[in-house]
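Understanding the architecture of this molecule
This is what each chain is made of:
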Amino acid sequence: MPSSRSLPAETDKAILSTYLSLPQGDKVTACYIWIDGTHENLRCKSRTLDSEPKSPEDLPIWNYDGSSTYQAEGSNSDVYLHPVALYPDPFTGGKNKLVLCETYKYNKKPTESNKRRACAEVMTQAKDFEPWFGIEQEYSLLDVDGRPFGWPKNGFPGPQGPYYCAVGTDKVYGRDIMEAHYRACLYAGIKIAGTNAEVMPAQWEFQIGPCEGISAGDELWMSRYILHRVAEDFGVVVSFDPKPVPGDWNGAGAHTNFSTKAMRTPGKGLQAIEDAIEKMGKVHANHIRNYDPKGGQDNQRRLTGRHETSSIHDFSAGVANRGCSIRIPRQVAEDGHGYLEDRRPASNCDPYSVTEIIVRTTCLDQTVE
Ligand code: ADP
Ligand code: MN
Ligand code: MN
Ligand code: MN
């Protein structure tokens with residue numbers, strides 16, 4: 001069917017299935033995935049293996065040219081890829097794998113964009129607290145011209161109101177992308193908790209979790225990779241910009257739901273939640289610096305005190321209040337135990353930085369800049 005949309009390098013995606021259905025012999029492919037020097041974008045490259053890896057240790061350390069990913073260090077441009085998590089590959093199927101990697105410099109030190117290394121150490125220190133995270137990833141679909149997908153080319157859709165959790169052709173844009181991503185994540189074994197259409201048309205959300213410790217960041221990054229790949233097949237762009245359209249349109253966040261064993265314990269959970277909130281209130285600015293890749297600059301456009309956000313300058317907490325920095329869900333207050341929701345992280349945050357500072361502040365009583 002001819003498309004009315006003209007993409008720069010558009011191909012008929014259905015043809016690929018002919019080739020992907022060919023047998024691949026006894027070989028297995030591994031697609032190594034890493035975070036580049038923007039601290040936001042993902043890169044990948046694939047290699048052939050002789051047998052199916054069962055754990056990250058079965059995979060070789062690999063390398064790439066860091067001077068092409070904003071990660072160069074002088075003349076030492078080789079960056080090492082250390083496999084840390086494995087997922088079944090929903091794009092090529094069979095025994096093929098997606099491989100999440102940490103990046104290391106020539107001197108074996110983590111790169112600047114490798115926030116996982118420090119996060120993993122903190123999660124090990126705090127493991128007796130059994131920290132769980134559920135991250136709500138909001139994102140916007142854009143057309144190749146940068147306009148939100150499905151929006152009129154000269155003008156705007158009607159004001160916000162009918163779009164959140166909506167059904168109907170005039171209210172939701174790109175549901176097929178959301179559904180494809182949902183299924184691809186389930187195939188990959190990602191702990192995806194759910195999904196919904198958001199307040200701004202062409203904006204969506206999915207949730208990861210609850211995941212313990214370092215796995216929250218791993219699963220979120222891999223689910224972002226899968227989303228970008230799915231959207232490629234549909235010729236649509238995914239944006240994690242926290243405020244893709246200025247004005248009276250909701251921004252995009254990564255609400256981070258957090259609990260410890262104590263918070264989940266009936267009878268004393270609510271007290272543990274309140275204690276954590278008190279600690280977080282004392283270092284609000286430090287958290288804000290860690291909640292987007294630009295030290296708070298990106299989130300500044302989003303955390304205005306409007307559109308279900310709190311002001312970036314103030315710390316606040318409340319039961320069922322979506323205009324606060326931290327929300328205690330109504331059900332949690334009623335049950336007397338459960339979790340808190342930190343509403344401040346931006347949609348383009350690094351979840352390793354976010355989960356690390358939350359645990360250091362609330363469990364380990366450490367101050368992070
Ligand atoms: P909201 O009402 O803010 O839209 P969602 O339903 O989108 O909330 O997301 C809630 C998130 O909280 C999910 O990712 C879920 O996995 C997570 N979650 C549920 N219970 C816990 C818990 N005890 N600790 C941490 N996260 C939790
Ligand atoms: Mn949600
Ligand atoms: Mn939401
Ligand atoms: Mn939320």
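Residues numbered from 1 in each chain as written. Chains lettered and ligands numbered in written order. Predicted model: local features only at pLDDT ≥ 70, side-chain atom pairs only at ≥ 80, totals over all residues. Heavy atoms only, no water.

A word on the packing of aromatic side chains. Scanning the model with the defined rule gives seven aromatic pairs in all. Consider the rings of F133 and F258, whose centres lie 5.3 Å apart with planes at 25°: the pair is stacked. Within this pair, whereas F133 is found in strand 6 (residues 132-142), its partner F258 is found in strand 10 (residues 256-259), the two being separated by 125 residues in sequence. Overall, the relative accessible area of 1% leaves F133 in the buried class. Between Y139 and F206 the ring centres are 6.0 Å apart and the planes differ by 55°, which places this aromatic pair in the tilted class. Taken together, the residues span a long stretch of sequence, with Y139 in strand 6 and F206 in strand 8 (residues 203-212) at a distance of 67 residues. Judged by relative accessible area, Y139 falls into the buried class, the value being 1%. On the accessibility criterion, F206 (1% relative accessible area) is buried. Every member of this aromatic cluster is reached through a ring pair, and the members are W151, F156 and W249. Sitting over the face of the ring of W62, K45 holds its NZ or CZ atom 4.1 Å from the ring centroid. (Phe/Tyr/Trp six-rings, centres within 6.5 Å; stacked < 30°, edge-to-face > 60°. Helix = DSSP H or I, 4+ residues; strand = E, 2+ residues; numbered from the N terminus. Buried < 20%, exposed > 50% of the residue type's maximum accessible area, 1.4 Å probe, protein only. Lys NZ or Arg CZ within 6 Å of the ring centre and 35° of its normal.)

With that settled, consider the coordination of the manganese ion (ligand 4). Binding of the manganese ion (ligand 4) to the protein goes through E136 (OE), E136 (OE), H255 (ND1) and E341 (OE), at separations of 1.9 to 2.5 Å. Mapped onto the polypeptide sequence, the residues donating to the manganese ion (ligand 4) form the spacing pattern E-x118-H-x85-E. Here the manganese ion (ligand 4) and the manganese ion (ligand 2) are spaced 3.9 Å apart, linked through E136, which binds each one. Here H255 lies in the loop between strand 9 (237-239) and strand 10 and E136 lies in strand 6, a separation of 119 residues in the sequence. (Donors = N, O, S within 2.8 Å, 3.2 Å for Na, K, Ca; no water.)

What follows covers the sheet that holds strand 2 (residues 42-49). Sheet architecture is open: five strands sit in the order 2-1-5-4-3, paired in mixed fashion. In this open sheet, the two edge strands, each paired with only one partner strand, are strand 2 and strand 3 (62-65). Sheet twist, expressed as the average angle between the axes of neighbouring strands with direction ignored, equals 40°. Of the pairings in the sheet, the one linking strand 1 (residues 28-35) to strand 5 (residues 97-104) comprises four bridges and is parallel in character. The residue bridging Y32 from the neighbouring strand is V99, located in strand 5. Where helix 4 (residues 215-234) meets the sheet, its contacts fall on strand 1, strand 2, strand 4 (78-88) and strand 5, and the angle it forms with strand 5 comes to roughly 120°. (Pairing = 2+ DSSP bridges. Axes fitted to C-alpha atoms, helices over the stretch in contact; angles between N-to-C directions. Contact = heavy atoms within 4.5 Å.)

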